[in-house]
Amino acid sequence: MDEVRSIVSAAHALRKTHQLRVRQPLASLQVVSENDAALEPFADLIASEVNVKSVVFSSPENSGLGVRTELSLNPRAFAPSFRKLTSQLFKAQKSGEWEVVDGECRFASVELDGAPLVLTGDMFSVSTSVDAAEGQVADVLASGTFVVLDTELTPELEAEGYARDVVRAVQDERKNAGLHIADRIDLTLSVPADHVADVEAWRDMIAAETLALSVAVEAGDQLAGERRQALSEPVGGFERNYSRARPLTCPTRERTLLWRRFAACSCVMETLERQRA
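In this report, the structure presented in the accompanying data block is examined. The written sequence of each chain sets the order in which its residues are numbered from 1. Reporting of local features is limited, given that this is a predicted model, to residues whose pLDDT is at least 70; pairs of side-chain atoms are given and counted only at 80 or more, and all residues count toward the totals for whole chains, interfaces and linings. Each side-chain value is derived from all of the structure's non-hydrogen atoms; neither hydrogens nor water enter the calculation.

## Quick word on the overall build of the protein
To keep things clear, this is the line we draw: Strands here mean DSSP runs of E at least two residues long; helices mean DSSP runs of H or I at least four residues long; both are numbered from the N terminus. Any residue under 20% of the maximum accessible area for its type is buried, any over 50% is exposed, and the rest in between are partly exposed; the area is computed with a 1.4 Å probe on protein chains only. Working rule for contacts: check all heavy atoms of both residues, and any pair within 4.5 Å makes them a contact. Exposure was quantified through the Shrake-Rupley algorithm and a 1.4 Å probe, taking into account, for residues, occlusion by the shown protein chains and nothing else.
Broken down by element type, the protein carries nine helices and 16 strands. When the 277 residues of the protein are sorted by exposure, 39% land in the buried category. For the protein, the proportion of contacts with a sequence separation of at least 24, taken over those separated by at least 6, is 64%. When the accessible area of the protein is evaluated, it comes to approximately 15,600 Å², of which 48% is carbon and sulfur surface.

As structure tokens, then:
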């Protein structure tokens, strides 16, 4: 389970480094490990935590990915007796004539007092990198497992990401309005014209996640501004809403009308009734 947590943590770090918000779904995550079979039962959990459509496991031999291990030397930390061999150490470094075992770096071709020279501590450092393809980013775990995240965004993935941003914004407004977790709402969204299709495609998901009994979607920031003004002006005991007059109170239903404008879209929510499980 610790390895699963490390995989999720590494994937989130890749998202953060490459400015891919968690709410934006991605196509896939590849996990390359010597213990790939043991990790496969956790595929759904990893996919959910990382927000990817699929998680693929493979062994290093079958991954098709190139892995590079690089050695860096720190001559300033060398013992005085090592410094006269610095040039030989750099030559062995470039030719790959070294190996790291139990935290020590051994140079078989460089000898000191008749024995292979061994560097320890901060005399050296080793880094491992993955030759990921274009549209992919990778990271290597301390265990040797590495993860490869597909960062290509298709129009379908971008649409879902936008819809999830809308859900988050509406949920924030539910919280700000003090609505109960079981309150049902009527939801109207005013979004930029180029995002109307995104919201329409994910209308059912938005409704389910926000407990909306109805979802109306319209385009245009100007329309949203006009509605904001109308909502603030009571007319003869009624409040104008979407060019329709509705009573401010209703004896049979708890009713709350609120306005919120945010980056992704503008929304109007009206509490219909409280249905508690």
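## Remarks on the nonpolar core
Test applied: Among the buried residues, those of types Ala, Val, Leu, Ile, Met, Phe, Trp, Tyr and Cys that are joined through side-chain atoms within 4.5 Å form a nonpolar core.
Leu 29 and Ile 46 are the most contacted members of the largest nonpolar core, which has 22 residues in total. Of all the elements in the fold, those that place two or more residues in this core are helix H1 (2-17), strand E1 (26-32), helix H3 (43-50), strand E2 (52-58) and strand E9 (146-150). By residue number, the principal contributor to this core is H1, which donates six residues. Every residue in contact with Leu 29, bar those within four places of it in the chain, is listed here: Ile 7, Ala 11, Ile 46, Val 50, Val 52, Ser 54, Val 55, Val 56, Val 147, Val 148 and Leu 149. In terms of nonpolar packing, the next biggest core, distinct from the first, is built from 18 residues, Val 170, Ile 185, Ile 206 and Val 215 among them.

## Considering the packing of helix H6 (residues 155-176) against helix H8 (residues 203-210)
Spelled out, the test is: Lines fitted to the C-alpha atoms define the axes, with helices restricted to the stretch that makes contact. Angles between their N-to-C directions range from 0 to 180 degrees. Oblique is the label for any angle not covered by the other classes, which are roughly parallel (under 35 degrees), roughly antiparallel (over 145) and roughly perpendicular (65 to 115). In a left-handed crossing the near helix is turned counterclockwise from the far helix by less than a right angle, and in a right-handed crossing that turn is clockwise.
Running from N to C, H6 and H8 point in directions that differ by 25 degrees, and their axes come no closer than 10 Å. Taken together, the axis directions place H6 and H8 in an arrangement best described as roughly parallel. Handedness of the crossing formed by H6 with H8: right-handed. Here H6 contributes Ala 163, Arg 164, Val 166, Val 167, Val 170, Gln 171 and Arg 174 to the contact with H8, which in turn contributes Met 205, Ile 206, Glu 209 and Thr 210.

## Remarks on the sheet that holds strand E8 (residues 136-140)
How we decide: Following DSSP output, two strands are said to pair if at least two bridges run between them.
With mixed pairing, four strands are arranged side by side in an open sheet as E2-E1-E9-E8. Among the strands making up the open sheet, the edge pair consists of E2 and E8. On average, adjacent strands in this sheet sit at an angle of 15 degrees to one another, irrespective of strand direction. Bridge analysis of E1 against E9 gives four bridges, and the strand direction is antiparallel. Along E9, the bridge assignment pairs Val 31 with Val 147. Across the sheet, H1 touches E1, E8 and E9, and the angle it forms with E9 is around 45 degrees. In the packing of H3 onto the sheet, contacts are made with E1, E2 and E9, and the angle to E2 comes to roughly 135 degrees.

## Re helix H5 (residues 86-95)
Test applied: Throughout, the arc means that of the directions going from the helix axis to the C-beta atoms.
Thr 86, Leu 89, Ala 92 and Gln 93 are the residues of H5 that are buried. Along the axis of H5, the buried residues cluster in a sector spanning 125 degrees; they form a single face. Away from its buried face, by an angle of more than 90 degrees, H5 presents the exposed residues Ser 87, Lys 91 and Lys 94. Contact partners of the buried residues in H5: strand E3 (66-73), helix H4 (80-83), strand E5 (104-112) and strand E6 (115-119). Within two residues after H5, Gly 96 carries a phi angle of roughly 80 degrees, on the positive side.

Function-wise, these values are silent; they only describe arrangement.
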